[in-house]
Amino acid sequence: MTLTKEQIVSSIGNRLGISKFESSHILGFVLETVKASLSNGEDVLISGFGKFIVRKKEARRGRNPQTGENLTLDPRRVITFKCSPVMRDRINTKG
């Protein structure tokens, strides 16, 4: 099962004893801050959770699978995630 934004909002509200409206705004501010940093090419480190890393991919050769035509894929940036050792241990702990 996938954890949704709505479930996170509910969990924040329940744990902090605040309304869904308030918890939604809190989560929104956090996500906007993360998105802004990543958009600026900055990595985002959340201790005990992991690191979002912006990587640059160079232009490369590709092929259209329908026509077989060769083409060049433009350079782009991608986001990768590296799990922290604390999170890795938690995921791999039985129980």
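Rules behind the numbers
Residues numbered from 1 in each chain as written. Predicted model: local features only at pLDDT ≥ 70, side-chain atom pairs only at ≥ 80, totals over all residues. Heavy atoms only, no water. Salt bridge = Lys/Arg side-chain N within 4 Å of Asp/Glu carboxyl O. Helix = DSSP H or I, 4+ residues; strand = E, 2+ residues; numbered from the N terminus. Buried < 20%, exposed > 50% of the residue type's maximum accessible area, 1.4 Å probe, protein only. 1 Å grid on protein atoms, 1.4 Å probe; cavity = no way out; pocket = protein on both sides within 12 Å on 5 of 7 lines; lining within 4 Å. Points joined across faces, edges and corners; volume = space filled by probe spheres on them. Nonpolar A, V, L, I, M, F, W, Y, C, P; charged D, E, K, R; others polar.

Some words on the pattern of salt bridges
- Inspection of every chain in the model, using the stated rule, returns three salt bridges.
- Among the ionic pairs, Lys20 bridges to Glu6, the shortest N-O distance being 3.1 Å. Taken together, the residues Lys20 in helix α2 (residues 20–39) and Glu6 in helix α1 (residues 5–16) connect sequence positions 14 residues apart.
- A salt bridge links Glu32 to Lys35; its shortest N-O distance comes to 2.9 Å. With Glu32 and Lys35 both in helix α2 and three residues apart, this pair spans about one turn of that helix.
- Accessibility expressed as a relative area gives 46% for Glu32, which makes it partly exposed.

Regarding the layout of surface pockets
- In this model, the largest pocket occupies a volume close to 240 Å³.
- Around the largest pocket, the lining residues are Val30, Leu31, Val34, Leu38, Ile46, Phe49 and Phe52.
- For the lining of the largest pocket, the element with the highest residue contribution is α2, accounting for four residues.
- By residue class, the composition of the lining of the largest pocket is seven nonpolar, no polar and no charged.

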